[in-house]
Amino acid sequence: MRLTGARLLIFLFVSLSAGVSAQENTQEVERFALIVGANDGGANRITLRYAADDARAVANVLEDLGGVPPKNRIFLIAPDRREFIGALDQIETLIAAASGSGRRVELIFYYSGHSDEFGLLLSGHAVGYGALKARINAMVADVKVVILDSCASGAMTRRKGGRRIAPFMADSSVQLKGHAYLTSTAEDEAAQESDKIAGSFFTHYFVSGLRGAADMSNDGRVTLNEAYHFTFTETLGRTEATESGAQHASYDISLTGSGDLVLTDLRETSAALSFAEDIEGRLYVRDSEGQLAVELSKTTDRASTVGLEPGDYRAVLDRRGEFFLTEFRLGNEQTVQLSMNNFVPIDSESTIARGLGAVEKKYTHVVFNIGLFPPVEINKAFDEPILNNVSLSLLANEQDKLQGLALTTIINWQNDDMEGLNIAGITNVTQRDAKGVALAGAVNYIGRDVTGLQLGAFYNHTERHFTGLQLGLVDYTGGNFTGAQLALVDIAVGNFKGGQIGLLNITVDNVLGAQLALANLTIGNVKGGQFSLASWTQGDVVGGQFALSNITTGTIRGGQVAYLNITSGQEESHGAQIGFLNVNRGKLRGTQIGFVNYADYVDVPIGVISIIPHGMLHGNFWISDTAVINAGMKMGGKYVYNIFSVGYQPLAERQNFVWGYGLGGHIPINNDWFLDIDVMHFNHHDIENFHTRGFVEKLRLIAGWQFHEKAALIFGPALNLFWRQDKEFRYRDVSYLPGFRVASDIYLAPGFMTGFQI
């Protein structure tokens, strides 16, 4: 749960507007931003869904309209504590380089994620409020704005005596210096996020307002007063009735000076959308991916303009319960103007209970129907719609509604509902809802909902929702179904809950349950599991995939177990990949276990080769008792690493070339110290002929002192187990330290290592 309380907006924009309103302040402004989104707060905390999306939305609007160029922005998604501290160092360096140029320098720090009364929580590791304030206060920016969109973040300002002041601050010039620490909640409040808007309430309306929804004066600029009125009104209206209730922002503000605070200038946008005066109602503008870009209320007394990125959009207008739709494309450097002529009426989603107000259809009750085929049957003697209890035919029979039993060698046909049992040599056809059992030698087809059981030797087909069980050579459901399909081929075009068991399972939508087959194909999301020789999901997986190969184009939350596991989603995954080859193109909060592991980031990679581009990657150089010169590469995730090394031992009676491989665990202690524990295998070769002479298994306990951001001193004891392959190879050819013979060819001995890590 997360949301920034609306009143923090007023203080945020005191610092933002100086660089945008050049006509009121001639001093050149350079603005910097550090923006962080972190869904993971650590163990025992609910993983957020939209913190990263909120941070991305703020980053985009600051770049598009807020005067923050890409070179002055650092954007982090799901950083650990060390990455976060490194970003603070980087932004401080950028600000210091700009501060001596005579320009006005501003810093914006935005954090969306978990926190408690003591500090920010990054994957369970805390960054204390006091330490954060000290770092930011030490930076040389003229104005520093800190925004925390997280639970209990008001504790940060409470410690400094945060207070409330009048919401409007404006003057004829911008002359501000100082800082503002802004938080989304009071110290005992929980912030809120919404699935419906796919983000926090405040950030959604905050971004909408800055893009132009708050421009009440229609001058192409969003001022502080406009942004405050819009965001406060919209956010308060959406949170007062939630379970957590309305939120109250807190702050510690120390800004001196004055200014007419223009926050964003819509005239500088590369693409704009204009709503004509004749449009009235609530407007929702979504991009090509269905994300809500802007939401605003429009009256007929003024036109409105919003700044958007180029692309395809659709707008829905809600005018007092009447709905209208238009679709359009925004090109670069283009303004599209919409009027009511561009909108077409659409049907709203009905909320009336099913059947309410419907005219009941009247049937003529004919208990028994028999015939060769229509019109040679009893039912054709009646003009009204027919309700049968029993219907028999040698070739085909037709009834409007069936309550009972229909038997035929070729076709049973119901124009309306069927309740009971349908049995046919070839085909059963029902055009409306069916309840009961349909048995066919070849095909069952039902045009609407099904409740019960369909058994077909060849083909079962349901065009809409189906609850029950289908058994056949091929099962196809054209809408949602709840239950199970058992066939050589299962196809469900729509959501389904339950299970599919067949030669091939295909679902063109979401799966909630399980798929069991030689191959599983889901164009949508999976919640439950896929069990097959091959599983492919074009969406997210929540649950598990178990197959020879698992391929998911989205993210996983659960596990993949296969010879080959591939997850190509760019967002954060949670769980485990277990296989020979594991690939995760995004960030995996969990474990990879395999011979080869690849992930942009993973917490615990366990394998022979683990390639983590955004994980641990260090060069190691050390001396030890078994090799005087050693160089290695340590790579892995946050807590587990692999290490590969080469070495040279010139001090023994016969010089040795050494190569090694190991697996270890990394334990961060604080910013200055860490502890590594690893097990390494070393091969010793004769330097002349490269003949393998013996082996050393080494258990190492390594302390690390991070005396520089990119350098550490490493040292510690080791325990060596020596065993030889060449009978002429002796322990003293490896080490001069005393050893203890435990068998004829095996020695146990103490050891050491010391060196540097970069």
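Remember, predicted model here, so these are calculated numbers, not experimental data.

S.K.: Please clarify how the sheet that holds strand β5 (residues 119–122) should be interpreted in this entry.
M.R.: Strands in a sheet are paired, the pairing made by backbone hydrogen bonds, and the direction either parallel or antiparallel. The three strands lie next to each other as β4-β5-β6, forming an open sheet whose pairing is antiparallel. Strand pairing shows two members of the sheet lacking a second neighbour, β4 (114–115) and β6 (125–128), which therefore form its edges. Across two bridges, β4 lies against β5 in antiparallel orientation. Its bridge partner being in β5, Ser115 is matched across the sheet by Leu120. Each of β4, β5 and β6 is contacted by helix α4 (residues 129–137), which is oriented at about 55° to β6, the strand it contacts most.

S.K.: In this structure, what is going on with the pattern of salt bridges? I would like to understand it.
M.R.: For side chains of opposite charge, pairing can occur when their charged atoms come near one another. Within the structure shown, the criterion is met by 23 salt bridges. Salt-bridge contacts for Lys698 lead to Asp625; the nearest nitrogen and oxygen are separated by 3.5 Å. Of this pair, Lys698 sits in strand β51 (residues 692–708) while Asp625 sits in the loop between β46 (616–624) and β47 (629–636); the two residues are 73 residues apart in sequence, bridging distant segments of the chain. Per residue, the accessibility class of Lys698 equals that of Asp625, and both read buried. Counted as one network, the salt bridges with shared partners bring together Glu30, Lys71 and Arg103.

S.K.: Can you help me understand the packing of helix α2 (residues 51–64) against helix α6 (residues 201–213) in this one?
M.R.: The geometry of a pair of packed helices is captured by two quantities: the angle between their axes and the separation between those axes. With their axes 10 Å apart at the nearest point, α2 and α6 run at an angle of 15° to one another. With respect to α6, the axis of α2 lies roughly parallel. The interaxial crossing formed by α2 with α6 has left-handed handedness. Every residue of α6 that contacts α2 at Asp54, Ala57, Val58, Asn60, Val61 and Asp64 is listed here: Thr203, Phe206, Val207, Leu210 and Arg211. Its residues placed into classes, the contact of α2 with α6 shows six nonpolar, two polar and three charged.

S.K.: Would you mind going over α4 with me for this structure?
M.R.: For an α-helix, 3.6 residues make a turn, and residues three or four places apart therefore share a direction. Listing the buried residues of α4 in full gives Tyr129, Leu132, Lys133 and Ile136. Across the axial projection of α4, the buried residues extend over an arc of 100°, all falling on one side.

S.K.: Got a minute to help me understand the sheet that holds strand β20 (residues 334–338) in this structure?
M.R.: With mixed pairing, the three strands of this open sheet are ordered in space as β17-β14-β20. Single-partner strands in this sheet number two, and they are β17 (304–307) and β20. On average, each strand axis in the sheet is inclined to that of its neighbour by 20°, with strand direction left out of account. Where strand β14 (residues 271–275) and β17 come together, four bridges link them in antiparallel fashion. Bridging across to β17, Leu273 finds its partner in Val306.

Rules behind the numbers
Residues numbered from 1 in each chain as written. Predicted model: local features only at pLDDT ≥ 70, side-chain atom pairs only at ≥ 80, totals over all residues. Heavy atoms only, no water. Pairing = 2+ DSSP bridges. Helix = DSSP H or I, 4+ residues; strand = E, 2+ residues; numbered from the N terminus. Contact = heavy atoms within 4.5 Å. Axes fitted to C-alpha atoms, helices over the stretch in contact; angles between N-to-C directions. Salt bridge = Lys/Arg side-chain N within 4 Å of Asp/Glu carboxyl O. Buried < 20%, exposed > 50% of the residue type's maximum accessible area, 1.4 Å probe, protein only. Parallel < 35°, antiparallel > 145°, perpendicular 65-115°, else oblique. Left-handed = near helix turned anticlockwise from the far one by under 90°. Nonpolar A, V, L, I, M, F, W, Y, C, P; charged D, E, K, R; others polar. Arc of directions from axis to C-beta.

Shape is all these values report; function is a separate question.
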